[in-house]
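For reference, the chains in residue letters:
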Amino acid sequence: NGLGAPNASTPKVYYPRLSKDLYLQADLVKEPWRLNLYGICVEECPKKGDLVKDPGCMPKYAGLYPDVSQKACGELRGSWTVPLDTVSVANRCLPMNEKTASRT
C-alpha cells in the first residue's frame with residue numbers, strides 16, 4: 001500500500017468507505033470534483049474478501065491521516081475487508097455490480 005499520491009508501485013486508489021463518504025457529502029455529488037474521498041494507494045484493485053492495509057493506521061503516520069477510521073485501526077487491526085469485487089476505472093478501484101443468474 002502506498003502513501004499520498006499514486007506512484008509506480010501503487011498506481012491505483014481503493015476507496016474503503018466510498019458509501020459513507022458519498023452519503024456524508026451527498027450535497028456535493030452534483031459537483032464531484034469537490035468530493036473528498038478517503039482512498040488508499042494499492043498495486044492492484046482488490047477482490048471481495050481481500051484485506052487492504054491502511055497506512056494511516058501505522059504509528060509513524062499518526063496524525064497525518066485524520067480521516068482514517070478508528071474501526072479500521074482498532075477492531076480491524078489496520079485493515080479494511082473488501083465487501084465487493086472492484087474494477088479499475090482510470091486507476092480508481094470502483095465496486096462492481098454483482099449479477100446473479102435467475103431462472104424464469
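For the structure, see preceding data.
The rules behind these values
- Residues numbered from 1 in each chain as written.
- Predicted model: local features only at pLDDT ≥ 70, side-chain atom pairs only at ≥ 80, totals over all residues.
- Heavy atoms only, no water.
- Helix = DSSP H or I, 4+ residues; strand = E, 2+ residues; numbered from the N terminus.
- Buried < 20%, exposed > 50% of the residue type's maximum accessible area, 1.4 Å probe, protein only.
- Areas by Shrake-Rupley, 256 points an atom, 1.4 Å probe, with all protein chains shown as cover.
- Disulfide = S-S within 2.5 Å.
- Salt bridge = Lys/Arg side-chain N within 4 Å of Asp/Glu carboxyl O.
- Pairing = 2+ DSSP bridges.
- Axes fitted to C-alpha atoms, helices over the stretch in contact; angles between N-to-C directions.
- 1 Å grid on protein atoms, 1.4 Å probe; cavity = no way out; pocket = protein on both sides within 12 Å on 5 of 7 lines; lining within 4 Å.
- Points joined across faces, edges and corners; volume = space filled by probe spheres on them.
- Nonpolar A, V, L, I, M, F, W, Y, C, P; charged D, E, K, R; others polar.

For this particular structure, what's the right way to read the overall build of the protein?
When helices and strands are tallied, the protein shows two helices and six strands. Reading the helices (α) and strands (β) of the protein from amino to carboxyl end gives β-α-β-β-α-β-β-β. Counting the 104 residues in the protein, one finds 31% classified as buried. When the accessible surface of the protein is summed, it comes to about 7,400 Å², and 54% of that surface belongs to carbon and sulfur atoms.

What exactly am I supposed to notice about the state of the cysteines here?
Note on terminology: disulfide describes a covalent bond linking the sulfur atoms of two cysteines. The tally for this structure, following the rule as stated, stands at one disulfide. Linked covalently through their sulfurs, Cys45 and Cys93 form a disulfide whose S-S length is 2.2 Å. The chirality of the disulfide connecting Cys45 with Cys93 is left-handed, given an S-S dihedral of about -85°. Remark: Cys93 occurs in strand 6 (residues 92-95) and Cys45 occurs in the loop between strand 2 (40-42) and strand 3 (51-53); sequence separation between them is 48 residues. Given a relative accessible area of 1%, Cys93 falls into the buried group. No disulfide involves Cys41; its sulfur sits 9.9 Å from that of Cys93, the nearest cysteine.

Looking at this structure, how should I read the pattern of salt bridges?
Where side chains of opposite charge bring their charged atoms close, a pairing between them can arise. Applying the stated rule across the entire model yields two salt bridges. Note that Asp21 and Arg17 form a salt bridge whose closest N and O atoms lie 2.8 Å from each other. Arg17 shares its class with Asp21; the two are buried.

Looking at this structure, I do not really get the sheet that holds strand 5 (residues 86-89). What am I missing?
Whenever strands of a sheet pair, they do so through backbone hydrogen bonds, lying parallel or antiparallel. In space, the four strands of this open sheet follow the order 2-1-6-5, with mixed pairing throughout. Looking along the sheet, the strands with just one partner apiece sit at the ends: strand 2 and strand 5. The mean inter-strand angle of the sheet, taken between neighbouring strand axes irrespective of direction, is 40°. Relative to strand 2, strand 1 (residues 12-14) runs antiparallel, the two sharing three bridges. Bridging across to strand 2, Tyr14 finds its partner in Ile40.

Honestly, the layout of surface pockets in this entry has me stumped. Any pointers?
In this approach the atoms are scanned with a rolling probe the size of a water molecule, which exposes any empty space left behind. If you add up the space inside the second largest pocket, you get close to 180 Å³. Lining the second largest pocket, in full, are Tyr14, Tyr15, Pro16, Arg17, Leu18, Ser19, Lys20, Pro83, Leu84, Thr86 and Pro95. When residues of the lining of the second largest pocket are assigned to their parent elements, the largest contribution, three residues, is made by helix 1 (residues 18-24). Its residues assigned to classes, the lining of the second largest pocket comprises seven nonpolar, two polar and two charged.

I keep staring at the pairing of strand 6 and nothing clicks. Help me out?
If a strand is regular, its side chains alternate between the two faces of the sheet. When strand 1 meets strand 6, the two strands line up parallel, connected through two bridges. Each bridged residue has a counterpart across the sheet, and for Tyr14 the counterpart in strand 6 is Cys93. Where strand 5 lies against strand 6, four bridges are found, and the strand directions are antiparallel. Paired with Val89 across the strands is Arg92, a residue of strand 6. The antiparallel pairing of strand 5 with strand 6 creates a hairpin that spans two residues between the two strands, and Ala90 there sits at a positive phi of about 55°.

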